[in-house]
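Here is what each chain is made of, one letter per residue.
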Amino acid sequence: MEKPEKNYSSSHGSDSGSSDDDDDDMDNDEKELKPYRPELENVTSQKILMFIPPPNSPPHPRTVYFLNDPNLNENPVNKKIKVEEVEINEKKYMFLYKAYKNLPLCLSGPMKHNGVIRSKLFDNTNIIWKLMKQDRMFPFLQELNQYQKFNHFPMTWQLSRKDNLYNNYFKLRSKYPKDFQYMPETYCLPKDYDIIAEKVKDLDLNDIQNLWLVKPVASSRGRGIRLLTDVESLPKKNKYVVTHYVYNPHLINGKKYDLRLYLLVTGYTPLKVYLFDNGLARFCSEKYDLDPEKMQDKYIHLTNYSINKTSENFEQNDSVDKEFGDKWTLHTLKTHFEKNGLNFDKVWEKIKDIIVKVVISVSDIAIPLIKQFQLSSVNLFELYGVDILLDETLTPWLMEVNLNPSLNCDSQLDLKVKSHVLTDIFNIIGAIPFSHDGKFTPMEKANIYKTPVEEGVTESLCEFERPSGGFHRLFPLKNNIEYYSKFIENPGDENLALWKKMLSSSGKKKK
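Residue numbering note: each chain is counted from 1, following its sequence as written. Where totals are concerned, whole chains, interfaces and linings use all residues; where local detail is concerned, this predicted model gives features only for residues with pLDDT of at least 70, and gives and counts side-chain atom pairs only at 80 or more. Side-chain measures were taken over the full set of non-hydrogen atoms in the model, leaving aside hydrogen atoms and water.

Points about unusual backbone geometry
Piece 1. Cis geometry marks the peptide bond from Leu189 to Pro190, where omega comes out at 5°.
Piece 2. Secondary structure elements are taken from DSSP: a helix is a run of H or I of four residues or more, a strand is a run of E of two residues or more, and numbering for both begins at the N terminus. Here Pro190 shows up in the loop between strand E8 (186-189) and helix H5 (193-200).
Piece 3. With an omega of 0°, the peptide bond running from Phe475 to Pro476 counts as cis.
Piece 4. The backbone of Leu394 shows a phi angle near 65°, a positive value even though the residue is not glycine.
Piece 5. Position of Leu394 relative to the elements: it lies in the loop between strand E17 (382-390) and strand E18 (396-403).
Piece 6. Residue class for Leu394 comes out buried when judged on its relative accessible area of 14%.
Piece 7. A positive phi angle is found at Phe440, which is not glycine, with a value near 55°. Between buried and exposed lies partly exposed: a residue is buried under 20% and exposed over 50% of the maximum accessible area for its type, with that area taken using a 1.4 Å probe on protein chains only.

Structural data, given as C-alpha cells:
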C-alpha cells in the first residue's frame, strides 16, 4: 500500500471527488480501483447516511452516520441529529470495511444495516477491525493513509497484559499514592519472586484474608488462573502475576459478579477517553462460598462468562431488563441497586475515575511511540473490555483490561448491547469516503491543516460534536483537565493545545 506523505501546508484533498486525470477512461470503473476489488464487481451503487455537523462545529467534511437497527435498539431517535442519504455511484468512493474471518453478528449487523460493503483487502479500506501480532502491527500502521480507521494502537499490550497493566499503575501509585488505589496488591513474576515468596512463606494461605491468585500475564477467559497454595507452587521462571484475592465481594442473590464495561479511546495525541453507559454484569453460576474445600471451584469464584456457561446450573438471560440468570445489563444492575437503597451513581463516579486513570497510566508510553512512528491518532481508535469487581463496601477494583473484548452474541441481551456499542463507535470516529484509486481523494472537501497540532485540535473538536450515543466522554472535560493532566508527565503539543483551547472557552487557563 502506498502511503502519501502528509503535507500540512496544503489541502488534504481536492474540492471535488473527481480525478485529476480528465483523460482517463471513466467507463470502466474497475480500472480506477487500486488494487482491484472483486467484492464490487456486481455493485452499481451504494446508499449511506452522512452526518451533517452542527453550526457550532469547526468546518469539517460530513462523516458516515450509522443508524442503530430499530429491531435491536429501543432508544428513541435523536431529532437534533441531522443526516442526509447519499447515493455513491462511483466504485472508487464506495465505503468499505475489513474485519477478521469469523464475524460476530454485532459487527456484521451494523455494517449490513447501514449499507457498508465488506472488503477482502486491507488496502484503501475505510474501517479496519483486526488484531495483529506486534511485529506486523508497526509496519501496517505506517502504511495507513490519512482517512483510514484502524481499531488498535501500537502500545495496546501495555494495557491488556496483566503485568504491564500493573507496572504502569504502580509507577503512578508510587508518585501519587492517594490518587491511585484501584488495583489489589499485585506482584509480577519472575521479577518479584523473592518479594512475594518472602511475604507469603509464613502466612496461613487457607485464611480468607491471605488468599492469592496466580494468573498468566497474557491469557483470557479465566484460563490458567489458580489459587496459591504454598510457596513451592510459585512460578520461578515464567511470567505470571500474583494478586491478592478480593475475598469480600458484593453479592447479589448470594452470587459473586463482576462488571464488563466498554472503554473507547480515540486518540492519545490528543488523549480522548469514552465510557459506554451500558455494559454487562456477569455472575458466577454457584453461590459464593469460602469453604476451603470449595476454593478451587471455578463456578463459585470466577465470573468469566466463558467458564460459567459450561455449568449445569447456568441460566441464560435473553432480556435486557430482567433480573434473571447469570448475565444482566448494567442498566438492570443499576435498577437493582436503586430498588435496594444502594447508591449506584456514587459507584459509577468512582468507576469513571478509574477508567481515565487506567488510560493515563500508559499515556507517557503511547505519546512518544506515536510520534516516533509518525502515526496520527486521527487514524486510530480502540475498544477495550474493562473488568471491575465491587467489594462488600461497593468499592470498585480493577481486575483487568481486555484487548479485543468478546463480541460473541450468545443471546439477544449480548446482541443488543454490543451492536449498540459498535454502532456508536463508528459514529464517533467519523470516517469519510475517500477514493480507492491510490490518490486517497476525499469524496467531499477536506480540511486544510498547517501543522499536526492544528489537525489534532480541530479533529478533536469536530469529534466532540458528533453523536456519541451511549458513550460519554470522560476526558478531556473542562472541569477535569486540571486534575487529570498532572498525571501525564509529557503530554505533547497536541494535548496542551487542546486543553488550552477548551479551558480558554470556559474562562480558565491551562498553566
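More follows now that the structure is in view.
Things to note about the sheet that holds strand E1 (residues 46-51)
Piece 1. With antiparallel pairing, 3 strands are arranged side by side in an open sheet as E2-E1-E3. Strands at the two margins of the open sheet, each flanked by one partner only, are strand E2 (63-65) and strand E3 (83-88). Looking at each pair of strands side by side, their axes are set apart by 50° on average, direction ignored. When DSSP locates at least two bridges between a pair of strands, those strands are taken to pair. Here an angle of 0 to 180 degrees is reported between the N-to-C directions of two axes, which are lines fitted to C-alpha atoms, with helices fitted over the stretch in contact.

What to know about the packing of helix H8 (residues 330-339) against helix H9 (residues 344-360)
Piece 1. At their nearest, the axes of H8 and H9 sit 9 Å apart, and the two run at 135° to each other. Between H8 and H9, the crossing angle belongs to the class labelled oblique. Contacts between H8 and H9 involve Leu330, Leu333, Lys334 and Phe337 from the first element and Phe344, Asp345, Val347 and Trp348 from the second.
Piece 2. Put simply, Ala, Val, Leu, Ile, Met, Phe, Trp, Tyr, Cys and Pro go in the nonpolar bin, Asp, Glu, Lys and Arg in the charged bin, and everything else, Gly too, in the polar bin. Residue classes in the contact of H8 with H9 are distributed as 6 nonpolar, no polar and 2 charged. Angle categories are assigned with fixed cut-offs, so that under 35 degrees is roughly parallel, over 145 is roughly antiparallel, 65 to 115 is roughly perpendicular, and the rest are oblique. Throughout, a contact is declared for two residues whenever any of their heavy atoms are within 4.5 Å.

Digging into the pattern of salt bridges
Piece 1. In the sections that follow, a salt bridge refers to a side-chain nitrogen of Lys or Arg positioned within 4 Å of a carboxyl oxygen of Asp or Glu. In total, this model carries 24 salt bridges according to the counting rule given.
Piece 2. Among the ionic pairs, Lys371 bridges to Glu494, the shortest N-O distance being 2.5 Å. You can see Lys371 sitting in helix H10 (residues 363-372) and its partner Glu494 sitting in helix H14 (residues 492-504), a full 123 residues away along the chain.
Piece 3. When salt bridges that share partners are traced, they join Asp258, Arg260, Arg282 and Asp387 into one network.

Thoughts on the sheet that holds strand E7 (residues 149-150)
Piece 1. Across the sheet, which stays open at both edges, the 4 strands sit in the order E5-E4-E6-E7 with parallel pairing between neighbours. The sheet is open, and its two borders are formed by strand E5 (117-118) and E7, each paired with just one other strand.
Piece 2. As defined by bridge partners, strand E4 (residues 96-99) adjoins E5 across 2 bridges and the pair is classed as parallel. Within the sheet, the bridge partner assigned to Tyr97 lies in E5 and is Arg118.

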